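The lines below spell out each chain.
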Amino acid sequence: MYGVWTPEQVRAAEEPVLARTPDGALMRRAARGVAQVALGELERRTGGVSGRRVVVLAGAGNNGGDGLWAGYELRRRGVAVTAVLLSPDRAHPAGLAALRRQKGRVLLRVESGVLAIERADLVLDAVVGTGARGGLRPEAAALADAAATAGVPVLAVDTPSGVDPLTGVPGEDSVQAAATVTFGARKPVHVLAAPRCGPVTLVDIGIGPELPPPPVRVLEAADVGARWPVPGPGDDKYTQGVVGVAAGSATYPGAAVLASGAAALSTSGMVRYAGSAADEVRAAWPEIVATDTVGEAGRVQAWVVGPGLGTDDAGARTLGDVLDAGLPVLADADAVTLLGTHAELRERARNAPVLITPHAGEFARVAELTDDRVASAQRAAADLGVTVLLKGNATIVAAPDGRTLVHPAGSAWLATAGSGDVLSGVAGALLAAGLDPWWAGGCAAFVHARAADIGAGAADGPGSPVPASFVQQALPRAIREVREAVR
Ligand SMILES: NC(=O)C1=CN([C@@H]2O[C@H](COP(=O)(O)OP(=O)(O)OC[C@H]3O[C@@H](n4cnc5c(N)ncnc54)[C@H](OP(=O)(O)O)[C@@H]3O)[C@@H](O)[C@H]2O)[C@@H](O)CC1
Ligand SMILES: Nc1ncnc2c1ncn2[C@@H]1O[C@H](COP(=O)(O)OP(=O)(O)O)[C@@H](O)[C@H]1O
Ligand SMILES: [K+]
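Predicted model only: the values in this text are computed from it and were never measured.

1. Here we look at the overall build of the chain
Here comes step 1: Looking only at helices and strands, the chain features 19 helices and 18 strands.
Here comes step 2: Computed over the C-alpha atoms, the radius of gyration of the chain is 25 Å, within 12% of the 23 Å expected from 2.2 N^0.38 for a compact globule of 487 residues.
Here comes step 3: Counting only C-alpha atoms and orienting by the principal axes, one finds that the chain spans roughly 80 × 45 × 40 Å.
Here comes step 4: A burial count over the chain gives 55% of its 487 residues as buried.
Here comes step 5: Intrachain contacts of the chain at a sequence separation of at least 6 include 71% that bridge at least 24 residues.

2. Topic: the site of ligand 2
Here comes step 1: Around ligand 2 sit 17 residues, and of these Lys391, Asn393, Ala412, Leu414 and Gly420 come closest.
Here comes step 2: For the shell around ligand 2, the leading source of residues is helix H17 (residues 419-432), giving 4 residues.
Here comes step 3: For the shell around ligand 2, a count of residues per class yields 7 nonpolar, 8 polar and 2 charged.

3. Considering the UniProt feature "binding site: AMP" (unreviewed entry) in the chain
Here comes step 1: When the UniProt feature table is mapped to this numbering, "binding site: AMP" (unreviewed entry) covers Lys391, Gly392, Asn393, Ala394, Thr395 and Gly420. In terms of the greatest pairwise C-alpha distance, the residues named above, spread along 30 residues, form a tight cluster of at most 13.9 Å across.
Here comes step 2: Residue position: Ala394 is located in strand E17 (residues 394-398).
Here comes step 3: Ala394 gets classed as buried once you count the C-beta atoms within 10 Å, which come to 22.
Here comes step 4: Excluding residues that lie within four positions of it along the chain, Thr395 makes contacts with Leu389, Leu390, His407 and Ala445.

4. Comments concerning the environment of Ala331
Here comes step 1: Position of Ala331 relative to the elements: it lies in strand E14 (residues 329-332).
Here comes step 2: A sequence separation of 145 residues divides Ala331 from Pro476, and the C-alpha atoms of the two residues are 24 Å apart.
Here comes step 3: Excluding its chain neighbours within four sequence positions, the residues that come into contact with Ala331 are Val305, Gly306, Val336, Leu339, Val354 and Ile356.

5. Remarks on the nonpolar core
Here comes step 1: Counting residues in each nonpolar core, the largest one holds 171 residues, and the members touching the most others are Ala38, Val56, Leu57, Leu124, Val305 and Val447.
Here comes step 2: If you tally residues by element for this core, the top one is helix H18 (residues 437-456), at 13 residues.
Here comes step 3: Among the domains, domain 1 (2-217) and domain 2 (221-484) are the pair contributing at least three residues each to this core.
Here comes step 4: If sequence neighbours within four positions are ignored, Ala38 has contacts with Val54, Ala70, Leu74, Leu122, Leu124 and Leu155.

6. Some remarks on the packing of helix H3 (residues 62-76) against helix H4 (residues 93-101)
Here comes step 1: At their nearest, the axes of H3 and H4 sit 8 Å apart, and the two run at 20° to each other. By the angle class used here, H3 and H4 are roughly parallel. In this structure, H3 meets H4 at a crossing whose hand is left-handed. Side by side, H3 and H4 meet where Gly65, Leu68, Trp69, Gly71, Tyr72 and Arg75 of the first sit next to Gly95, Leu96, Ala98 and Leu99 of the second.
Here comes step 2: Along the lines of polarity and charge, the residues of the contact of H3 with H4 split into 6 nonpolar, 3 polar and 1 charged.

7. Side note on the sheet that holds strand E4 (residues 105-107)
Here comes step 1: Here 7 strands make up an open sheet; going across it, the order is E4-E3-E2-E5-E6-E7-E8 and the pairing parallel. Each edge of the sheet is formed by a strand with only one pairing partner; in this case those strands are E4 and strand E8 (200-203). Averaged over all neighbouring strand pairs, the angle between strand axes comes to 20°, with direction disregarded.
Here comes step 2: Relative to E4, strand E3 (residues 80-85) runs parallel, the two sharing 3 bridges. Bridged to Thr82 within E4 is Arg105.
Here comes step 3: Across the sheet, helix H2 (residues 25-46) lies against strand E2 (53-58), strand E5 (122-126), strand E6 (154-157), strand E7 (179-183) and E8, angled at about 160° from E7, the strand it touches most.

8. Observations regarding the site of ligand 1
Here comes step 1: The local shell around ligand 1 holds 28 residues, among which Ala60, Gly61, Asn62, Gly129 and Gly131 are the closest.
Here comes step 2: Of all elements in the fold, only helix H1 (7-20), H2 and H3 reach the threshold of two or more residues within the shell around ligand 1.
Here comes step 3: Considering every element that reaches the shell around ligand 1, the biggest residue donor is H3, with 4 residues.
Here comes step 4: Partitioning the shell around ligand 1 into residue classes produces 13 nonpolar, 10 polar and 5 charged.

9. Points about the pairing of E7
Here comes step 1: In terms of burial, E7 is largely enclosed, as 4 of its 5 residues are buried.
Here comes step 2: The pairing of E7 with E8 spans 4 bridges and is classified as parallel. By the bridge assignment, Thr180 is partnered in E8 with Val200.

10. Observations regarding unusual backbone geometry
Here comes step 1: Notably, Lys103 is not glycine yet its phi reads approximately 65°, a positive angle.
Here comes step 2: Residue position: Lys103 is located in the loop between H4 and E4.
Here comes step 3: For Asn351, which is not glycine, the phi dihedral falls at a positive 65°.
Here comes step 4: In this fold, Asn351 is placed in the loop between helix H14 (343-349) and strand E15 (354-357).
Here comes step 5: What makes Asn351 exposed here is the crowd of 11 C-beta atoms within 10 Å.

11. Side note on the packing of H18 against helix H19 (residues 468-484)
Here comes step 1: Relative orientation of the contacting elements H18 and H19 amounts to 110°, with a least axis distance of 7 Å. Taken together, the axis directions place H18 and H19 in an arrangement best described as roughly perpendicular. Relative to H19, H18 is oriented so that their crossing is right-handed. Facing H18, whose interface residues are Phe446, Val447, Arg450, Ala451, Ala452, Ile454 and Gly455, H19 presents Phe470, Val471, Gln473, Ala474, Leu475, Arg477, Ala478, Ile479, Glu481 and Val482.
Here comes step 2: Residues belonging to the contact of H18 with H19 are distributed by class as follows: 12 nonpolar, 2 polar and 3 charged.

12. Things to note about H3
Here comes step 1: Between the first and last C-alpha of H3 there are 21 Å, a value that for 15 residues agrees with the 21 Å anticipated at 1.5 Å per step.
Here comes step 2: The buried fraction of H3 is high, at 14 of 15 residues.
Here comes step 3: A positive phi of about 85° marks Gly78, the residue just after H3.

What counts and how
- Residue numbering note: each chain is counted from 1, following its sequence as written.
- Lettering of chains starts at A and numbering of ligands starts at 1, both following the order in which they are written.
- Per-residue local features are limited, in this predicted model, to residues with pLDDT of at least 70; the limit for side-chain atom pairs, both in listing and counting, is 80 or more; totals at the level of whole chains, interfaces and linings are taken over all residues.
- Elements are defined by DSSP. Helices are runs of H or I of four residues or more, strands are runs of E of two residues or more, and each kind is numbered from the N terminus.
- Radius of gyration here uses only the C-alpha atoms, and the compact-globule reference equals 2.2 Å multiplied by the residue count raised to the power 0.38.
- Counting other C-beta atoms within 10 Å of a residue's own tells you its class, since 20 or more makes it buried, 12 or fewer makes it exposed, and anything in between is partly exposed; those C-beta atoms are placed from the backbone.
- Note on contacts: residues are paired as contacts if their backbone-placed C-beta atoms lie within 7 Å.
- Should the C-beta atom of a residue, placed from the backbone, lie within 6 Å of a molecule or strand, that residue is near it.
- Only Asp, Glu, Lys and Arg are considered charged in this grouping, and only Ala, Val, Leu, Ile, Met, Phe, Trp, Tyr, Cys and Pro are considered nonpolar; every other residue, Gly among them, is considered polar.
- UniProt positions are given in the numbering used here, feature names are shortened, and annotations may be inferred rather than shown by experiment.
- For the purposes of this analysis, a nonpolar core is taken to be any set of buried Ala, Val, Leu, Ile, Met, Phe, Trp, Tyr and Cys residues that are connected through C-beta atoms within 7 Å.
- Where each domain starts and ends comes from a domain assignment, either automatic or drawn from a database.
- Between N-to-C directions, angles span 0 to 180 degrees; the directions come from axes that are lines fitted to C-alpha atoms, helices contributing only their stretch in contact.
- Any angle that falls under 35 degrees is termed roughly parallel, while one over 145 is termed roughly antiparallel, one within 65 to 115 roughly perpendicular, and all others oblique.
- For any pair of crossing helices, the crossing counts as left-handed if the nearer helix is rotated counterclockwise from the farther one by less than a right angle, and right-handed if it is rotated clockwise.
- What makes two strands pair is DSSP finding at least two bridges between them.
- For a helix, the expected span equals 1.5 Å multiplied by the number of residues minus one.

Structural data, given as structure tokens:
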């Protein structure tokens, strides 16, 4: 597990360190880190560093200062460095002087910058970092565009410029980085807009001890593997937590098959299905015990409710029955919509061990969704008194007590019909096994996204489309992988 801190928290943590270290020391540490990663990129991409061409896009603030100092370090290693100054009269004085001392070239016009980029091996994006506001301004946009058009890789300094460091939302023009080097702490953009950043290298600049507890955490494979429920010698099919799935309808039997099958693949023990798709579920999964109603289902330790359920009175009754059982509940899809339309169901869910798993559209039916998806999920969790898993390329899980995690997907292959039904079965199985809703949501999101990568063949190649049934079938491999990560 690692932490993510807001730009404001990072700035506050830098202050005492700045005060007790010599002027510019922090920036020099950051710049050396950037230069090291840049040298690695040059070596990997061109087979060498000496004489290779790097263009630094340098903005007016300290981010530009990092870039200029990194240019200085690269010059010392024999790299041909050209800096393009976006605000020539406000460029970082010490960084600029250092680069000039090492005979780095300095350009003041965008047109000359574009020509230099077209011949470059690597571009350093030091336009703007944590002080960013909005998308790229026109000059910076033209330079970023030139790099993209010429296919020159961009190494982002701290954050890809033009992408909001706090929310990860890209402005109209923004940098697409091949890799990012950040300092002191990872920031939200690195996990909320991971595809914009590429692989992120974290450089230690000595601010760690000054940071507060992280407001947002990211799970790693070993965290998930360590919590995945497995049977012990004394277990039988009941002791591990029986999952009940109330999903599907005559119109959507597939949702029932996807959710209950995913539950069967996620923990040992037993899955019960209750609903009008009992025949389809039995046919696909003979090991699942299927009945027509929740009342007939027998005892379970958690319910999955909602996928394909329908939003009519019958659906509302089913959701009510499940909430009244006093067990952990995973409410997805139609169950989320029903919570949005029925205040009394919201009241029954409040402060119970409930995990809701809306996509953006469903989320908007129960709470306000702004560009700040993390804050939106946190607010919704606190207001509704349930744990909220907001789906997307970066999945957010927020508990009513404020605990928050983000899971950045490794690819976008999950954007396929029915994949959410699979997630609900996985998370429901974890709830039944006794994980608290926050951990159940986080571990489920991790394994679900990994199963998509495995199913799509994206783990070790470019990949191909993966239907939800294949995501479901890849769950055992994803679970084995996270368990293998536990050492
Ligand atoms: N503190 C430290 O010790 C350390 C800090 N470090 C580094 O400092 C960075 C933070 O530096 P910072 O606070 O100076 O802000 P920064 O990101 O350079 O941006 C401000 C400038 O950008 C401009 N600008 C704004 N929006 C823009 C846009 N959309 N498009 C274009 N330009 C835009 C804005 O211009 P203005 O609005 O004033 O015209 C202003 O001049 C941090 O990310 C890290 O890299 C490291 O060296 C480690 C030690
Ligand atoms: N662009 C994307 N990249 C990665 N994961 C995505 C993307 N879009 C959607 N997902 C994931 O796919 C799943 C889709 O769920 P949902 O929208 O409920 O689909 P359905 O209702 O068809 O089952 C969620 O787990 C979500 O996080
Ligand atoms: K940057």
